[in-house]
Structures are given as structure tokens and as C-alpha cells.
Amino acid sequence: MAFTLLLVGVIAALVPTLGLAGPEEHTVRGTPSAASDPEVVAEQAEEQAREQAGEQAQEQEQDQDEDGTGEEGAPNEGPRLDPNAKDSDDKLIVGGAAVLLLGIVLWGRHVRSERRNPSSG
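Computed from a prediction, not measured in an experiment: that's the story for all the values here.

K.L.:
Give a description of the overall build of the protein chain that names residues and reports values.
P.N.:
Each helix and strand counted, the protein chain has three helices and zero strands in total. For the protein chain, the sequential pattern of α-helices and β-strands runs α-α-α. In the form shown here, the protein chain has an accessible surface area of approximately 11000 Å², with 56% of it arising from carbon and sulfur atoms.

Structure follows, in C-alpha cells:
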């Protein structure tokens, strides 16, 4: 029983750490949500249109500059890194540490139980 509670506690701690849980949404009854507000929807549509226009402009610049040099003859920038990559790495490190600690705890319990009952091992 204690092992089950320990396992549930570890899993409950790992879910938000590893990003497996979705974002928390807090709604209050009787208030309109942001998704149903026409102004918010219009702002989101404009923002998406600006992002798409920016992406298209970048693609056009890359198509025009295929020889590997920039406007002034300098080499192009290196690959673009994902800004969320650091968060992913941190989550993997924390998750690995949690699994390692769980393994140490389980191994310690096993060794301790063998010392108490030498005839069962």
C-alpha cells in the first residue's frame, strides 16, 4: 500500500514537471470567455496574419539569397534555434533525476527488506 502511494506521489510530481498536463484554465461562470469576445478574436486573427506575412517575407529573402552571402557579403546566420529547447532540456534533466531517485529509493527498500528477513532472499 505504501509503495502504491509513493508511486502515485512521484507520478503526480512528474506530470507538471514533464509538461504532460495541459495549461490550467480558470473560468468563472457568468463571464464571457476570451474565445467568444469578438475583439479578442479579431486581435488574434490580425496577429496570425502579421506572423504569416513575416514568415513569407523571410522565405522570400532566403529565396533571393541562395549563394550563402548576406546583403553585405557576410555569411548568413546559422540555424535558428527553438527558444523552447532549453525548457525541454530542463524537463528531461528533472525527469531523469526523479527516475534516478525513485530507483535509489526502491533499491534501498529492497536491500533493507533483505537485511530484515535473510531467509526470504
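Here the narrative resumes, following the displayed structure.
K.L.:
So what's going on with a nonpolar patch on the surface? Residues and values would help.
P.N.:
Together, Phe3, Leu6, Leu7, Ile11, Val105 and Leu106 give the surface a local cluster of nonpolar side chains, amounting to about 440 Å² of exposed area. Those elements that place two or more of their residues in the nonpolar patch are α1 (2-17) and α3 (85-116). It is α1 that contributes the most residues to the nonpolar patch, four residues altogether. The residue Leu106 is located in helix α3 in this model.

K.L.:
Describe a negative patch on the surface, with residues and values.
P.N.:
On the surface, a cluster of negative charge is contributed by Glu39, Glu43, Glu46, Glu47, Glu51, Glu55 and Glu59. You can call Glu43 exposed: its relative accessible area is 53%.

K.L.:
Describe the confidence of the model for the protein chain, and please don't skip the residues or the numbers.
P.N.:
Chain-level pLDDT for the protein chain is 75 on average; 68% of the residues reach the 70-or-more range. At the low end of the mean pLDDT range in the protein chain sits α1, at 74; at the high end sits α3, at 90.

What counts, and where the lines are drawn
Residues numbered from 1 in each chain as written. Predicted model: local features only at pLDDT ≥ 70, side-chain atom pairs only at ≥ 80, totals over all residues. Heavy atoms only, no water. Helix = DSSP H or I, 4+ residues; strand = E, 2+ residues; numbered from the N terminus. Areas by Shrake-Rupley, 256 points an atom, 1.4 Å probe, with all protein chains shown as cover. Patch = residues over 30% accessible without salt bridge, like charges linked within 9 Å, V, L, I, M, F, W, Y side chains within 5 Å. Salt bridge = Lys/Arg side-chain N within 4 Å of Asp/Glu carboxyl O. Lys, Arg positive; Asp, Glu negative; His and termini not counted. Charge placed at Lys NZ, Arg CZ, Asp CG, Glu CD. Buried < 20%, exposed > 50% of the residue type's maximum accessible area, 1.4 Å probe, protein only. pLDDT = per-residue confidence, 0-100.

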